[in-house]
Amino acid sequence: RPMAVETVQIAASADDGRWVSIGAVFFNTEDVIVAGRYSDGSLQNIFYRFLAVDIPQNSHIDSATITLPIAEDVVGTPLLKIKAVAENNSAAISSAADGDARALTTAGVDWDDITTPQAPDASPDIAAVIQEVVGRAGWAPNNAIQIIIKDDGAAVNNWARVGTFDDASPQLAILTVTYTAPDNHGSGRHDIKRARTGAIAASSYGDIKRSSYGLVR
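Rules used in this analysis
Residues numbered from 1 in each chain as written. Predicted model: local features only at pLDDT ≥ 70, side-chain atom pairs only at ≥ 80, totals over all residues. Heavy atoms only, no water. Helix = DSSP H or I, 4+ residues; strand = E, 2+ residues; numbered from the N terminus. Contact = heavy atoms within 4.5 Å. Buried < 20%, exposed > 50% of the residue type's maximum accessible area, 1.4 Å probe, protein only. Arc of directions from axis to C-beta. Salt bridge = Lys/Arg side-chain N within 4 Å of Asp/Glu carboxyl O. Pairing = 2+ DSSP bridges. Polar contact = N/O pair within 3.5 Å; in protein donor to acceptor, adjacent residues only side chain to side chain.

Draft legend 1. Structural detail: the environment of serine 39. The residue serine 39 is located in the loop between strand S4 (32-37) and strand S5 (43-53) in this model. Along the primary structure serine 39 and alanine 155 are separated by 116 residues, whereas in three dimensions their C-alpha atoms are 9.4 Å apart. Those residues within four positions of serine 39 in sequence are excluded, and the remaining contacts are Val156, Asn157 and Trp159.

Draft legend 2. Highlighting helix H2 (residues 127-134). Residues of H2 that are buried: Ala127, Val129, Ile130, Val133 and Val134. For H2, the angular spread of buried residues about the axis comes to 160°, placing them on one side.

Draft legend 3. A look at the pattern of salt bridges. This structure, assessed with the given rule, holds seven salt bridges. For aspartate 152, the salt bridge identified is with lysine 81, shortest N-O distance 3.8 Å. One end of the pair, aspartate 152, is in the loop between strand S10 (143-151) and strand S11 (158-163); the other, lysine 81, is in strand S7 (residues 80-84), with 71 residues separating them in the sequence. Linking arginine 102 and glutamate 87 is a salt bridge whose minimum nitrogen-to-oxygen distance equals 3.2 Å. Separated by 15 residues along the polypeptide, arginine 102 in the loop between helix H1 (96-101) and strand S8 (109-111) and glutamate 87 in the loop between S7 and H1 bring together distant segments of the chain. Residue classification places arginine 102 among the buried positions, given a relative accessible area of 13%. Residue glutamate 87 is classed as partly exposed on the basis of its relative accessible area, which comes to 24%. Counted as one network, the salt bridges with shared partners bring together Lys81, Asp110 and Asp152.

Draft legend 4. Summary view of the pairing of S5. Taken across its 11 residues, S5 has eight buried, putting it largely inside the fold. Taken together, the five bridges between strand S2 (residues 16-20) and S5 define a ladder with antiparallel strand orientation. In the sheet register, glycine 17 faces S5, and the bridge partner there is phenylalanine 47. In this sheet, S5 lies alongside S4 in antiparallel orientation, the contact comprising two bridges. The residue bridging arginine 37 from the neighbouring strand is leucine 43, located in S5. Between S4 and S5, which pair antiparallel and follow one another directly, the connecting turn spans five residues, one of which, glycine 41, has a positive phi of 90°.

Draft legend 5. Region of the structure containing the pairing of S4. In terms of burial, S4 is largely enclosed, as five of its six residues are buried. When S4 meets S11, the two strands line up antiparallel, connected through six bridges. Within the sheet, the bridge partner assigned to arginine 37 lies in S11 and is asparagine 158.

Draft legend 6. Broad picture of the side chain of serine 13. Here serine 13 is to be found in the loop between strand S1 (4-9) and S2. Within the structure, the side chain of serine 13 is placed 2.8 Å from the side chain of aspartate 166, a separation counted as a polar contact. Those residues in contact with serine 13, other than ones at most four positions away along the chain, are Asn28, Thr29, Phe165 and Asp166.

This is the structure:
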């Protein structure tokens, strides 16, 4: 079967944010968020919830990335780990306690090379992370996938400041997944690159075309 590409961006303020290990602080309305280990030693955990990820259950995930808009600063060398919430249709994290309580995928991918401020940064391949979610017994097309990025053992003061949906000019994380639908799924509908509300078609990160009607022209 031919491969297909699913590309989804953050679509709401509540769907990106951070929580902090010191003081159980939670933010989901900031214009920037911090990923990594901050100067006070706190662990800055960030989340991105992607809605309506239209991938059939048990598809083979050929490749996947999350692209983050690096807004301002990269300090030192952040050592990050990318996982997903181990849920069939993940609800947005709503508090620090909620974030700490979520079960995560067994699969995780190191991201240790964020070095360029003021430029979008694509992650290493997170196919194994997405595979674990779409292979769940309760996964269904158009469910939500929530990505969690945490510090993975960096020394104090190694972090990146990342743009969010709430920036004056929204800075939107993007999930891109290339997959092959299972043989028993049928043909046609999932064998093309599609765009709809919450999804994007783009020739580059800065050339995003959106439509409230579910089409991109």
